[in-house]
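Observations on the model geometry
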Amino acid sequence: MDTNLSIATIRSLGIDMINKAKSGHPGMVLGSAPALYTLFTKQLAVNPQLPDWQNRDRFVLASGHASALLYSLLHLSGYDLSIEDLKQFRQWRSKTPGHPEYKLTPGVDAASGPLGQGIPMAIGMAMAEKFLAEKFNKEDLQIVDHYTYALCGDGDMQEGVTYEASSLAGHLSLGKLIIIYDANDVTLDGPLSYSFSENVKQRYLAMNWQVIEVADGNDTNSLAKALKKAKKEIYKPTIIIMKTIIGYGSSNQGTNKVHGNPLGDKDGKQTKLNYHFDYENFYVPDEVYNDFKKNVFNRGKRQYKKWVTLLEQYKNTYPNDYESYKKAINGEYHLDYSELLSEYDISSCEATRDTSRKVIQYTAKQNPTFLSGTADLASSTKTLIDGEDRYSPENYQGRNLYFGIREFAMVSIMNGLTLHKGIKVSAGGFLVFSDYFKPALRMACLMKLPIILPLSHDSIAVGEDGSTHQPVEQLAMLRSMVNMHVFRPADANELMACWKIALETKDSPSALILTRQKVDNITQATYEQVLTGAYVVSYEKETLDGIIIATGSEVSLALKAQKELYYKGKDVRIVSMPCNELFDLQSDDYKESVLPSQCRRRLSVEMASDFGWSKYVGLDGLSLSVNTFGASAPADIIIKNYGFTVENVVNTYLKLK
């Protein structure tokens, strides 16, 4: 088989896709084609007929703008991606979008595009493989045994999150993680030297990685040897630094002009001729299809068949472990908190972060592949699982994840852990630091990954730490995100229900907004009530005069104000709204029953920005909120001076017309 013909075909399909779309990024497609050809045909263990095969190797295209390269390989390998699909590159509702999208295109293991996040997601996948292998594998039956690969470029190397995550990966000795770094020394704006002069090799050596260098990215023999050497290193992750020429073979090769612009018909044709490829557009020679059928498709089928036999032996020999494994892979996570619920009565008083800690213990006992972590704030966020070890090279079955002070990497890695399947992961920090991980959370929302984020220190009640640590706009930011569940429970009862919803959700991330200060247990809320997103926690006594909507610790404040208002002749309803997003999903009839449209006197009470509350209080309503930054002082003094007192809630309500 002529290897050069197969590589030329990959490159040519990339040229044709981008030219037809009149949009795309040919530079890396042409430069990295030999590397990915070598990976797919020599090492990658996949079954294109079953792209979700659990023991497949994972591949993440960190530089998602090179999507045409991946689509070409997926088509040639036999995935459900036709030539017609390639011709619809970047078009409306096609299976070949501008950047790879998880669940849309068979064979895409992660959505990518925002540079820097691909490597952390691959690291999460490698961490998941280590955990599940240590938990389920037996000496004679290794049912979890695969590698994780990623292709990245110079842009990924400049993103801080790449280094956050790479540092942790080296620390954790993730030996089955292999990164291929296309070092073409060009970025969109020009030569890499304009903005970057680090010695990446030395940097990765310092982070406990194996570094392999390939002088010529077109040298498939050297690339094959590098991949073999990478797989032999079991104690360190590997980065293969290969020098390439961006836009190889085109008239503008080696320059930024070929990064994100189609070659055009003339240069495209000449570039193909430079590869000795003289065929019509979108043509694939039969010998190329045969090459991929033999070395990817058929090889993968054989590997899959061996694994199925192995899994059947495992099932027969270790039936209980098999059932646990299957439940984990299928995402069957449940929470029964009835025993814990019995510990709380109407007189209880506890910070919701402390209740959350107790729920985490119940969750961990009932779900053996539930992992919990934090970005160096376990003592504050209360996220440690009691009696469980730290996830480490000494014990990859440890269920407490120590991410260090790496919030962005933490959530990106959580995405990778979840993409792998078999693990439910929760990890937290302070609410104000959600600013650090928002881009990764956006990708979780986009990919419908049900990660859980317990976020404590939820308001100006943080107190003495001051304005830098007191969240104001973060709640509004989180609530604005598409496909996101943001829970701000009023007390222990609501918190337990919120945790159950978050754990059992399969297609949305969840943020649990938790207090540091103690709150009264005042709602006696049921799971079914919390599942609606908002419910009446205290009805008017006779004739409805108005409604106060509150969340979190402010529900208790609203209930106290309700009593004072009744003495003043105002019969008010109190609504607790632990999750705006779930309330918005309810029927019109239910929403009308909670917030009657004829009742226009409405006040929202929440110690955060009022952004978004007009949707619920209307043009005639008011919001008692925080629209400035906080201050450094004891919490009770701050809360009083910002107006979150019974007296001020009453006076604000009385201003309603």
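Residues numbered from 1 in each chain as written. Predicted model: local features only at pLDDT ≥ 70, side-chain atom pairs only at ≥ 80, totals over all residues. Heavy atoms only, no water.

1. A word on the sheet that holds strand β17 (residues 546-550)
- Judged by pairing direction, the sheet is mixed, and its 5 strands sit side by side in the order β16-β18-β17-β19-β20 without closing on themselves. Only two strands of the sheet have a single neighbouring strand rather than two, namely β16 (535-538) and β20 (622-624). Here the average twist between neighbouring strands, direction ignored, is 30°.
- Of the strand pairs in this sheet, β16 and strand β18 (residues 572-576) are connected by 3 bridges, and their pairing is antiparallel. Opposite S538, over in β18, you have I574 as the bridge partner.
- Against the sheet, helix α21 (residues 554-567) touches β16, β17, β18 and β19 (602-605), its axis set at about 175° to β18. (Pairing = 2+ DSSP bridges. Helix = DSSP H or I, 4+ residues; strand = E, 2+ residues; numbered from the N terminus. Axes fitted to C-alpha atoms, helices over the stretch in contact; angles between N-to-C directions. Contact = heavy atoms within 4.5 Å.)

2. What to know about the sheet that holds strand β3 (residues 177-183)
- Taken in spatial order, the 5 strands make up an open sheet running β1-β2-β3-β7-β6, and their pairing is parallel. Edge strands, defined here as strands with exactly one partner in the open sheet, are β1 (58-61) and β6 (210-214). Shown here is a sheet whose adjacent strand axes are inclined to one another by a mean of 15°, direction ignored.
- Sheet topology places β6 next to strand β7 (residues 238-243); 5 bridges connect them, and they run parallel. Note on β7: the bridge partner recorded for V211 is I239.

3. With respect to the domain arrangement of the chain
- Each assigned domain of the chain is listed with its residue range as follows: domain 1 (3-303), domain 2 (337-520) and domain 3 (532-655).
- For domain 1 and domain 3, the distance between their C-alpha centroids amounts to 52 Å. (Domains from an automatic or database assignment.)

4. Observations concerning the UniProt feature "active site" (unreviewed entry) in the chain
- In this structure's numbering, the residues bearing the UniProt feature "active site" (unreviewed entry) are E407.
- Along the chain, E407 turns up in helix α16 (residues 407-420). (UniProt positions renumbered as here; feature names shortened; annotations may be inferred.)

5. Description of α21
- Over its 14 residues, α21 extends 20 Å from the first C-alpha to the last, a length consistent with the 20 Å expected when each residue adds 1.5 Å.
- Taken as a whole, α21 has its buried residues at E554, V555, S556, L557, A558, L559, A561, Q562 and L565.
- Turning to α21, the residues buried within the fold contact β15 (519-520), β16, β17, β18, β19 and α26 (646-654).
- Two residues or fewer after α21 comes G569, characterised by a positive phi angle close to 85°. (Expected span 1.5 Å × (residues − 1). Buried < 20%, exposed > 50% of the residue type's maximum accessible area, 1.4 Å probe, protein only.)

6. Observations concerning the nonpolar core
- Membership of the largest hydrophobic core comes to 88 residues, with the highest contact counts inside it found for M157, L174 and L478.
- Here this core gets 12 residues from one element, more than from any other, and that element is helix α5 (residues 118-136).
- Each of domain 1 (3-303) and domain 2 (337-520) accounts for three or more of the residues forming this core.
- Residues L36, Y79, L86 and A230 belong to the second largest nonpolar core, which totals 60 residues. (Core = buried A, V, L, I, M, F, W, Y, C linked by side-chain atoms within 4.5 Å.)

7. Things to note about the UniProt feature "site: Important for catalytic activity" (unreviewed entry) in the chain
- Residues annotated by UniProt as "site: Important for catalytic activity" (unreviewed entry) correspond here to H25 and H259. Annotated residues spanning 235 residues; largest pairwise C-alpha distance 5.5 Å, indicating a single compact cluster.
- Here H25 lies in the loop between α1 (3-21) and α2 (26-42).
- Among all residues touching H259, those that are not within four sequence positions of it are G24, H25, P26, G27, H65, L188 and I246.

8. Structural notes on the packing of α1 against helix α3 (residues 67-77)
- It is at 9 Å that the axes of α1 and α3 come closest, and there the two elements cross at 120°. As summarised for this structure, α1 and α3 are arranged oblique, according to the angle between their axes. The two elements α1 and α3 meet at a crossing, and its hand is right-handed. Two secondary-structure elements touch here, α1 through I10, L13, G14, M17 and I18 and α3 through A68, L69, Y71, S72, L73 and L76.
- Classifying every residue of the contact of α1 with α3 gives 9 nonpolar, 2 polar and no charged. (Parallel < 35°, antiparallel > 145°, perpendicular 65-115°, else oblique. Left-handed = near helix turned anticlockwise from the far one by under 90°. Nonpolar A, V, L, I, M, F, W, Y, C, P; charged D, E, K, R; others polar.)

9. Quick notes on the pattern of salt bridges
- For the structure shown, the criterion picks out 24 salt bridges.
- We note a salt bridge from E84 to K87, for which the minimum N-O separation is 3.5 Å. Here E84 and its partner K87 are both found in helix α4 (residues 83-87), 3 residues apart, which amounts to about one turn of the helix.
- By relative accessible area, which is 48% here, E84 ends up partly exposed.
- Judged by its relative accessible area of 25%, K87 is partly exposed. (Salt bridge = Lys/Arg side-chain N within 4 Å of Asp/Glu carboxyl O.)

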